[in-house]
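Summary of the model geometry
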Amino acid sequence: MPQTILVADDDPSLREVVRYTLAQAGFEVVEARDGKEALAKIRARPPALLVLDIMMPELDGLEVCRAVRKDHPFPIVFLSSRDDELDRVLALELGGDDFVPKPFSPRELLARVKAVLRRTAPAPLPPVAPAPLERGLLRVDLETWRAFWNSREVVLTATELELLAVLLKSPERVFTREQLMDQAYEGVVVSDRTIDSHVRRIRQKFADAGGAVIETVHGVGYRLGVG
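So, here is what we can say about the structure in this document. (Residues numbered from 1 in each chain as written. Predicted model: local features only at pLDDT ≥ 70, side-chain atom pairs only at ≥ 80, totals over all residues. Heavy atoms only, no water.)

Attention shifts here to the overall build of the protein. Tallying secondary structure elements over the protein gives eight helices and twelve strands in all. Its C-alpha atoms give the protein a radius of gyration of 18 Å, near enough to 17 Å, the size a compact globule of 227 residues would have. Across its three principal axes, the protein shows a C-alpha extent of roughly 55 × 40 × 30 Å. For the protein, the residues scored as buried account for 48% of the 227 residues in total. (Helix = DSSP H or I, 4+ residues; strand = E, 2+ residues; numbered from the N terminus. Rg over C-alpha atoms; globule rule 2.2 N^0.38 Å. Buried < 20%, exposed > 50% of the residue type's maximum accessible area, 1.4 Å probe, protein only.)

Okay, structure coming up:
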């Protein structure tokens, strides 16, 4: 079955170009003209990935992302006509997985979409289910791809969970941002700011559940912060 991608943008000509490019690559494409329509279509049928413009009528892309991340971990690739650092940071802080400034080539967007889907796809299950990763009150179940603090589920995106699992597999090790990039992002080059944004979101989610899971080692990087 082809993966479904929802393209939410108020520019019909851009949607048509993106739809054609993704469809040619074998994806099923659903379109939305504004933020409200995007949310309605997500509720009816969550996509494998959301291509989301920031500047849209009704609800902008950042508002849509906030609403989506309450219930859904599927990856989000943001589009924006403003290549502004603040937009980029907000998009990542809210749970975006990539950010593509306009104008862009359709082939570049297709490459970004494929890279994000590869990076966030759950690993195929081995014949024997992997044992959960546990440290203190933290547990990550690699079979169901879920995280828990003190038996309470903490909903993470696939990218966030992969990054946390890397730290949990080597709980005493200090990882540089480059090492986290190599292990958690499977060769996809992302910026230090992207990694820092994902770490901040993981920390906030566990703080809301009463826990602390990642420690900053100043001048080096990050390590697991659970004793």
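As a further point, take the sheet that holds strand S6 (residues 133-135). Taken in spatial order, the four strands make up an open sheet running S6-S7-S8-S9, and their pairing is antiparallel. Only two strands of the sheet have a single partner each, and these edge strands are S6 and strand S9 (152-154). In this sheet, neighbouring strand axes are inclined to one another by 25° on average, regardless of whether the strands run parallel or antiparallel. Bridging between S6 and strand S7 (residues 138-141) involves three bridges; their strand directions are antiparallel. (Pairing = 2+ DSSP bridges. Axes fitted to C-alpha atoms, helices over the stretch in contact; angles between N-to-C directions.)

To continue, consider the nonpolar core. The biggest cluster of nonpolar side chains holds 30 residues, and the ones touching the most others in it are Leu 138, Leu 163, Phe 206 and Val 213. Counting only elements with at least two residues in this core, the list comes to S7, strand S8 (146-149), helix H6 (158-169), helix H7 (177-184), helix H8 (192-208) and strand S12 (221-224). No other element matches H6, which puts seven residues into this core. In terms of nonpolar packing, the next biggest core, distinct from the first, is built from 20 residues, Leu 6, Ile 54, Met 56 and Phe 74 among them. (Core = buried A, V, L, I, M, F, W, Y, C linked by side-chain atoms within 4.5 Å.)

Here we take up the pairing of strand S2 (residues 28-32). Sheet topology note: the strand S1 (residues 4-8)/S2 ladder contains five bridges and is parallel. Residue pairing in the sheet places Ala 8 in a bridge with Ala 32 of S2. Taken together, S1, helix H1 (residues 12-24) and S2 form a β-α-β motif whose crossover is right-handed. (Right-handed = clockwise from strand over helix to strand, strands pointing away.)

Structural measurements only, silent on function.
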